[in-house]
Amino acid sequence: MTRTILVTGAQGFIGRYLVRALCDRGDCRVIGVGRSPGNTTRFTHNIHSGGGERAAPLPDALVPDGPNYAYVATDLSDAAAAARLIAETAPHIVFHLAGSLRDEPFDRLVTNNIAVTRHLCDALAAQGAVLVLGSSGSIYGELGGGGVPLVETGATEPIDLYSATKRTSEDIVRIATRAGGIDGRVARIFNVVGPGQEERHIAGRIASQLTELGVGRRNGVALGPLTAWRDFIDVRDVASALVAIGFAGASDIFYNVASGCETQIATIYDLLVAAAGIADPALTQLPGRGVDIARQVVDVSRVRALGWQPRVDLPQSVDDVMRYYLELETKA
Ligand SMILES: NC(=O)c1ccc[n+]([C@@H]2O[C@H](COP(=O)([O-])OP(=O)(O)OC[C@H]3O[C@@H](n4cnc5c(N)ncnc54)[C@H](OP(=O)(O)O)[C@@H]3O)[C@@H](O)[C@H]2O)c1
C-alpha cells in the first residue's frame, strides 16, 4: 500500500531533509506544506553569504524531484484551511514541523506553535492517522544540568516562551491522543547541525562568520559564551529518527531525538575553525542570553529501541556546514 505522508514546514530546514528521506524510501506519496509558494531552490530562512543576506540555497542533494512529491501552500493558522487540507489529502502519517522558532514574537509563537497544532489535531480527529510533532529538547530547561540524563518520563521546565509554546503543543498532541482521535507521537529534537541551517543556531552562526573572515570581509569573529554543553545531532539523523518514530514508533508518545553525546560549544567552534582552515581567528566575546541552559545530557534509548542510530558523526556534520558556506562563497 502506498501511504500518503504530509510534512508541514516542508520547505524549512528539517523539513527539506525529511522530505528527501521520505522520497528516497520510494513507498509513499509525500505532500509538503508551508505558507510560502513552492520552490526547489531554497529554504525559508535567510543566511549571510557573498557579502549580503539571501534565502539559504538548497544543497543539491535536497532538490525535490520525482513524481511522488507535491507541495501545497497552506497557512495552517487558518483552521478551515487546515481542515480542508487534511480532508483532501487523507494522510496516513503527518510529520508536523511547521512552527516559529525561539526569539520570534510571542503572538507568532502562540499562533504557529500552539494554534496550528490544535488545528491539525482537530482536523485529524477520528481518522486514526499518526501525527509526529517536532518538539524541542529545550522543554526540559535546566534539568539534566547535574549530569542526570533527560528521560522522556521525567519533568519538563521550559525556561523561555518558545519552549513553553512547544510544551503546550506537546500537551495538545497528548490530549488528542488520549482522546483516541489520533495516534500522536512527540519528537523532542535537540541541537541540530547540518548544511543550510539557520544562523540563529550556533554552527551556522560560526561558519558564516568564519567564511566572511576567510575572504577578508571581517577582522575576527564575535560570539557569545562557548562554555555551555549541548547534545548536537546531524539533521540527516534527525530526519531518519523522525521516519523511525512515524513508521515504527507505537509504544510511547515521547521520544528524545539526540545523539546521546554531550559536546561543549567550544568544540563546535574548534571543529569549524579547523574546517575553515583559519589559524587562530581573533575572537570577541559577546554577552550571553540572560537565561540559558548550561548543560544537557540526553537519554536516547527510547528512539534507539526503534532500530534507529545516528550515522553522521559531529566532525563530519560540522565539516559539511563549513563546506556549504565555502562553496556558496566560490559561487558568489
Ligand atoms: N532546527 C533546530 O535546531 C530545532 C531544534 C529543536 C526543535 N525544532 C523544531 O523542529 C521544527 C522544524 O524546525 P526547523 O529548524 O526546520 O524550522 P524552520 O526552518 O523555521 O521551518 C519551519 C517551517 O514552518 C513553516 N510554517 C511556519 N508557520 C506556518 C504556518 N502557520 N502554516 C504553515 N507553515 C508554517 C515555515 O514555512 P513558511 O514560511 O513557508 O510557512 C517554515 O519553513 C520546528 O517546530 C522547531 O521548533 C528545531
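The paragraphs below set out a description of the structure included in this document. (Residues numbered from 1 in each chain as written. Predicted model: local features only at pLDDT ≥ 70, side-chain atom pairs only at ≥ 80, totals over all residues. Heavy atoms only, no water.)

**Comments concerning the pattern of salt bridges**
Any two side chains of opposite charge can pair, so long as their charged atoms come close to each other. Scanning the entire structure with this criterion turns up 18 salt bridges. Here Asp 320 makes a salt bridge to Arg 236, at a shortest N to O gap of 2.9 Å. Note that Asp 320 is positioned in helix 9 (residues 314-331) and Arg 236 in helix 6 (residues 235-247), a separation of 84 residues in sequence. Look at Arg 236 and you get partly exposed, because its relative accessible area is 31%. A salt bridge links Glu 262 to Arg 295; the nearest nitrogen and oxygen atoms lie 2.6 Å apart. (Salt bridge = Lys/Arg side-chain N within 4 Å of Asp/Glu carboxyl O. Helix = DSSP H or I, 4+ residues; strand = E, 2+ residues; numbered from the N terminus. Buried < 20%, exposed > 50% of the residue type's maximum accessible area, 1.4 Å probe, protein only.)

**Notes on the sheet that holds strand 7 (residues 130-136)**
Ordered in space as 5-2-1-6-7-8-13, the seven strands form an open sheet in which the pairing is parallel. If you trace the sheet from one side to the other, it starts and ends with strand 5 (69-73) and strand 13 (254-257), each paired once. Strand-to-strand twist across the sheet, computed as the mean angle between neighbouring axes with direction ignored, equals 20°. Alignment of strand 8 (residues 183-189) against strand 13, held across four bridges, turns out to be parallel. Residue pairing in the sheet places Arg 188 in a bridge with Asn 256 of strand 13. Those strands touched by helix 3 (residues 106-124) are strand 1 (3-8), strand 6 (93-96) and strand 7, and its axis lies near 175° from that of strand 6. (Pairing = 2+ DSSP bridges. Axes fitted to C-alpha atoms, helices over the stretch in contact; angles between N-to-C directions. Contact = heavy atoms within 4.5 Å.)

Coordinates in, geometry out; function isn't part of it.
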